[in-house]
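# Topology and contacts: notes
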Amino acid sequence: MKKNMLLGFFSLALITVKAQVDVSVKTLDLESVNKHKNWKIIEAGIDQSTSNVYVKFASASCDIDKSSIGNTVTTTFKGLAWKVDRLLFDKNFTYLSTEQKSYANTFDAIGNNEFVYGRKFNVVFGEGMGTAISGVAMPTGMIDNSYIGTKIVTGLANISGFKIGNSRIGIKVGGETGKFKPDACFENPAVFKIDNKDAKEQKGQRWIPMFNHPIPNGGHILFNTSGVNTDVTKTHNVFRKYDADANVVNDKALTFDYQCLVYAKEIEMAPGVFDYVFVTLPINYKKSTGKVVPANQYEYIRIDGTTFETKHQLTFTAPHSQWKINQVFEKEGAVYLIGDAGKSADTYQDFSIPKSSDFPFFQIAKIQNGKLAYVSVIKDEQIKAVMQNINGEKVKPDMHLKVTDLQMNVVNGKFIYSGQQFEDGKRGDAIISAVFSDKGALEVVLAKSAEFSKGNLSFSADGKTMYWLIQDVTEYNKWDKKAGTITAKESKQLLTALSVVTYNLESKTVQYKTFINEEWGTQYNDVILYDTDNEIVLLGGKLTKKAKESELVFVTIRK
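Given the structure is predicted, the values throughout are model-derived calculations rather than measurements.

### Focus on empty space enclosed by the protein
Enumeration over the complete set of coordinates arrives at two cavities of 30 Å³ or more. Taken together, Asp340, Pro360, Phe361, Phe362, Ile378, Asp380, Ile383, Met399, His400, Leu401 and Lys402 form the lining of the largest cavity. Looking at the lining of the largest cavity, the elements that each hand over two or more residues are strand E20 (361–368) and helix H4 (380–386).

### Some points on the sheet that holds strand E19 (residues 334–341)
Neighbouring strands of a sheet are bound in pairs by backbone hydrogen bonds; such pairs are parallel or else antiparallel. Reading across from one edge, E18-E19-E20-E21 is the order of the four strands in this open sheet, with antiparallel pairing throughout. Sheet topology places strand E18 (324–331) and strand E21 (371–378) at the edges, where each strand pairs with a single neighbour. Strand-to-strand twist of the sheet, defined as the mean angle between neighbouring strand axes without regard to direction, takes the value 15°.

### With respect to the pairing of strand E11 (residues 218–226)
Buried residues dominate E11, accounting for eight of its nine residues. Adjacent in sequence and paired antiparallel, strand E10 (residues 206–215) and E11 are bridged by two residues, among which Asn217 carries a positive phi angle near 60°. Where E11 lies against strand E12 (residues 235–243), seven bridges are found, and the strand directions are antiparallel. Among the inter-strand pairings, His220 is bridged to a residue of E12, identified as Lys241.

### Concerning the side chain of Ser460
Following the sequence through the fold, Ser460 ends up in the loop between strand E27 (453–459) and strand E28 (465–472). For Ser460, the side chain forms a polar contact with the side chain of Asp462, separated by 2.6 Å.

### Some details on the state of the cysteines
In this structure the tally under the stated criterion is one disulfide. Across a sulfur-sulfur distance of 2.2 Å, Cys62 and Cys185 are joined as a disulfide pair. Between Cys62 and Cys185, the S-S torsion sits near -120°, and that sign places the bridge as left-handed. Remark: Cys185 occurs in strand E9 (residues 181–198) and Cys62 occurs in strand E3 (residues 53–69); sequence separation between them is 123 residues. Among the residues examined, Cys185 registers a relative accessible area of 14% and is labelled buried.

### Observations regarding the layout of surface pockets
Estimates place the volume of the second largest pocket at around 1,000 Å³. Along its surface, the second largest pocket is lined by 38 residues, and Asn224, Cys260, Leu261, Ile283 and Phe351 are the ones closest to its centre. Among the elements of the structure, E10, E11, E12, strand E14 (260–270) and E18 are those that each provide at least two residues to the lining of the second largest pocket. Per-element tally for the lining of the second largest pocket: the top contributor is E14, with four residues. Of the residues in the lining of the second largest pocket, the class split is 18 nonpolar, 14 polar and six charged.

### Regarding the packing of aromatic side chains
Going through the model one piece at a time under the given rule, you end up with 23 aromatic pairs. Ring centres of Tyr285 and Phe351 lie 6.2 Å apart, and the angle between their planes is 85°; this geometry places the pair in the edge-to-face category. With Tyr285 in the loop between strand E15 (273–282) and strand E16 (297–304) and Phe351 in the loop between E19 and E20, this residue pair connects regions lying 66 residues apart in the sequence. A relative accessible area of 60% places Phe351 in the exposed class. Pairing Phe415 with Phe436 gives two aromatic rings, centres 6.0 Å apart and planes at 45°, and the pair type is tilted.

### Regarding unusual backbone geometry
A positive phi is found at Ser51, a non-glycine position, where the angle reads about 65°. By secondary structure assignment, the location of Ser51 is in the loop between strand E2 (40–46) and E3.

### A few points about the nonpolar core
Nonpolar side chains in soluble globular proteins tend to be buried together. Among the nonpolar cores identified, the biggest contains 25 residues, and Tyr336, Ile338, Phe415, Phe436 and Val445 are the most heavily contacted of them. Of all the secondary structure elements, the ones that give two or more residues to this core are E19, E20, E21, H4, strand E23 (403–411), strand E24 (414–423), strand E25 (426–436) and strand E26 (442–449). The leading source of residues in this core is E25, at four residues. Residues within four places of Val445 in sequence aside, it is in contact with Ile383, Val386, Met387, Gln388, Leu401, Ile432, Ser433 and Ala434. Within the second largest apolar cluster, 21 residues are counted, among which are Ala109, Phe121, Val136 and Ile148.

### Examining the side chain of His220
Mapping His220 onto the fold places it in strand E11. Under the relative-accessibility criterion, His220 is labelled buried at 2%. In terms of polar contacts, His220 uses its side chain to reach the side chain of Tyr276, at 2.9 Å. If we ignore the near neighbours within four places in the chain, the residues touching His220 are Phe211, Asn212, His213, Ile215, Phe239, Arg240, Lys241, Tyr276, Gly305 and Phe308.

### Quick look at the environment of Val527
Note that Val527 resides in the loop between strand E33 (520–523) and strand E34 (528–531). Separated by 71 residues in the primary sequence, Val527 and Asn456 place their C-alpha atoms 9.1 Å from one another.

### Examining the pattern of salt bridges
When the charged atoms of two side chains with opposite charge come close together, those side chains can pair. Evaluation of the coordinates by the stated rule reveals 23 salt bridges. The salt bridge involving Glu43 is made with Lys56; its shortest N-O contact spans 3.5 Å. One end of the pair, Glu43, is in strand E2; the other, Lys56, is in strand E3, and 13 residues separate them in sequence. On the accessibility criterion, Glu43 (12% relative accessible area) is buried. A salt bridge links Asp198 to Lys163; the shortest N-O distance between them is 2.4 Å. Within this pair, whereas Asp198 is found in strand E9, its partner Lys163 is found in strand E8 (residues 161–178), the two being separated by 35 residues in sequence. Sharing partners across several salt bridges, the network here consists of Glu43, Lys56, Glu114 and Arg119.

Rules of the game
- Residues numbered from 1 in each chain as written.
- Predicted model: local features only at pLDDT ≥ 70, side-chain atom pairs only at ≥ 80, totals over all residues.
- Heavy atoms only, no water.
- 1 Å grid on protein atoms, 1.4 Å probe; cavity = no way out; pocket = protein on both sides within 12 Å on 5 of 7 lines; lining within 4 Å.
- Points joined across faces, edges and corners; volume = space filled by probe spheres on them.
- Helix = DSSP H or I, 4+ residues; strand = E, 2+ residues; numbered from the N terminus.
- Pairing = 2+ DSSP bridges.
- Axes fitted to C-alpha atoms, helices over the stretch in contact; angles between N-to-C directions.
- Buried < 20%, exposed > 50% of the residue type's maximum accessible area, 1.4 Å probe, protein only.
- Polar contact = N/O pair within 3.5 Å; in protein donor to acceptor, adjacent residues only side chain to side chain.
- Disulfide = S-S within 2.5 Å.
- Nonpolar A, V, L, I, M, F, W, Y, C, P; charged D, E, K, R; others polar.
- Phe/Tyr/Trp six-rings, centres within 6.5 Å; stacked < 30°, edge-to-face > 60°.
- Core = buried A, V, L, I, M, F, W, Y, C linked by side-chain atoms within 4.5 Å.
- Contact = heavy atoms within 4.5 Å.
- Salt bridge = Lys/Arg side-chain N within 4 Å of Asp/Glu carboxyl O.

Rendered as structure tokens:
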């Protein structure tokens, strides 16, 4: 084992010189700290008070009661109890000590902000299919610890119409027992229905939920209405905030004197503090008496999510219509609106089922402090002109910017948009990073072959160099495309193969090197331990199936 590790370090040193990327590796034998069996990493970072590095490991055990009356044995599964050990390391990743905590149940652990389910996680239905069919207020995406034990509110539809749903986020516990096998229990974060009530307030009205943003003990809903505003030439929307019991605590009318749909998205300004962005999408419904505006005219509104006051409002014309906005990104006072666009400037949104071929282009707008900085449309010929394959590969990426596992950032005014190409529910053959100038022009699209890869972006202190960290998921794991499952092949846990693309945003030069090796891989999730002006530290593990050989790996990339 020692000989293999020395050979591994020697090989890595050669790779470092050739790649001109300074990478070093430090390991910890997990058996030496009794973390080689039935423990998982749930958190890592830097202790702000001591500057020591910490890694938290968690281990779960079943809380089970058994009672018997005659020949009848009753097994009660109470859920999981947790042990959480916090391992401390100095700045050179030398092990120092372990801090231990125990929690009687998951609620107790989460109440102390332990990420036993992960930093973000999905929920399941807590009840039967009949309850699900009747409509249940559900989160609109992955949630975090702050939601557990709280109530949420969303708009929904069931067979009797549009509703306002109220649910509780809790934990569903289950278990297995048998004569010839040990007792086992499991649990999942789950949604439990409280109530649904009619969305409409008076007879003859329609309140159609168009956007939901559930929050702990409340929620926000945007309604498109009819029969509420007596002027039928107006498009009348209402944005409402609800408390934990689905009572309205604030609302704002969004009324337009032309035909439109409204796109909405939240922007998190601080933990639990949000602004909301609304963009009108023009339509031309022949049966409506409302005014029709040009198909490529958009109105942007940003409101304060606490006071509901309007911060910014402006109208602008974009190069193309049928703008299917799917991302909103905010940084340093600038809001970026991003999405696929139609083939022309004069085709209106309609109510047909959309096809990806109807939206072949990419459109991006930047709103700086409430004013339009730019709006650009990117076509396939523009992508082709600046496409640059990494490492001289023969990959043939698609000429579009539709991606999954999206990463976005802005550095020195340049907007970076990165992810694996994705269309019609399938991953493409390339992972890409697109760089836009401060005027909205597409400067380059870097492309790397990928069956299933994920990326992370980091930057030098002066913002001139981009470090694109690519994790190849299939190198050490088996991916079942049909089932959508990933299983570890070379180790006990999911580990990925690392490669690094270094791109100079000024000179536009590229360097690339893969760090595929037989000794270690980087974690599948939460790979970045920390990212500073001087270095990026990644978490990884040893490529082994044997628990006794398990190691924690720190991978340092110096900028």
